[in-house]
Structure formats: C-alpha cells, structure tokens
Amino acid sequence: PSIEEVEPKKLEITLLIRNEIPENHFGANVSVEIPLPRCTSTATCTVIAAPGATHNNAEFVPADGKLIWTMKKFPGLSEQTLKAKVTLNKACTTQIRREIGPINMNFEIPMYNVSNLQVRYLRIAENMPGYTPYRWVRYVTQSSSYVCRL
C-alpha cells in the first residue's frame, strides 16, 4: 500500500493486490477493508481491474469510516489496483496518518488445497436412516485472518 499526501487536506491511497495461485484457479468473494481516519469527509475510488475479474466494486462507508472493496471473482496470476482519493476535514498530521489501517482481507479459493492434502477414500462407519452420502469431496481454501499493517 502507498499513502501519498497530495494537498494538506487530501490523501491518495494506492493498494495493489496480486493473486499468486495457479492460473486455472481463482479467488472468490474477495473483500478488502481499509479503515480511514475519523476526520474523513469524502472518498472516491477507482478500480483498475485485470481481465477476467468480475463484479469489482469499491465504496466509502461513512458510518464505519472504511473503504470496502469487493470482488466476486479474482483470477489466478493477476493483479488488481485500487486508487482512493480521500478528503479530510482538517490538515493531515502524523497522528491522522496512523489512523489509516490495518488492511483486512477475506477470501476463499474453491477447489484449491494449499497443503496438497488429498482424501483418497472415506468410509462411513455408521449407517444413519434418511442420510444418503454423496460421492465427491469439495476442497475450499478460506482466509481466516489476513491483515496488512501500515
């Protein structure tokens, strides 16, 4: 992430995220949250999307004081960039700059297993009436806490 002071009351935040999983996989339901200073009055966002990325949306939520960037699909081996122009109520100081962040990211990667652990076979020991097992395994990688401190 890059935070640049354009004018005394204006900041420009640039965030580049890179997806380094194999090209045949993708990140799904990606959500990036960037907390902004309490003295933020407005923020406008521009998303530079890579080909194949779908439903990119970034918005400033004044009630929470956060920029929220969501992506439905983020292809493997690609990059996405968010540029946000933030207007403050008062001049930027080091104390105000410390209020930005940490950046929090949540995502899942369907049909991808980071550990390469595989289920070869599964045996159901107990027969339950009314339960019919399906013959497939779904691998999903989920982020539980992915944080970037500024």
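See the structure printed just above.
Owing to the predicted nature of the structure, the values given are computational and were not obtained by experimental measurement.

Here we come to the nonpolar core. Core analysis: the biggest nonpolar cluster contains 28 residues, and Leu15, Ile17, Val32, Ile34, Leu36 and Trp69 have the highest contact counts within it. Of all the secondary-structure elements, those providing two or more residues to this core are strand E2 (10–19), strand E3 (26–35), strand E5 (57–61), strand E6 (66–75), strand E7 (78–88) and strand E8 (103–110). The contact partners of Trp69, leaving out residues within four places of it in the chain, are Leu15, Ile17, Val30, Ser31, Val32, Val47, Asn56, Asn57, Ala58, Gln80, Thr81 and Leu82.

This brings us to unusual backbone geometry. The residue after Gly101, namely Pro102, is reached through a cis peptide bond having omega -5°. Mapped onto the secondary structure, Pro102 falls in the loop between helix H1 (94–98) and E8. For Asn116, which is not glycine, the phi dihedral falls at a positive 60°. The residue Asn116 is located in the loop between E8 and strand E9 (140–142) in this model. Judged by its relative accessible area of 64%, Asn116 is exposed.

Criteria and thresholds
Residues numbered from 1 in each chain as written. Predicted model: local features only at pLDDT ≥ 70, side-chain atom pairs only at ≥ 80, totals over all residues. Heavy atoms only, no water. Core = buried A, V, L, I, M, F, W, Y, C linked by side-chain atoms within 4.5 Å. Buried < 20%, exposed > 50% of the residue type's maximum accessible area, 1.4 Å probe, protein only. Helix = DSSP H or I, 4+ residues; strand = E, 2+ residues; numbered from the N terminus. Contact = heavy atoms within 4.5 Å.

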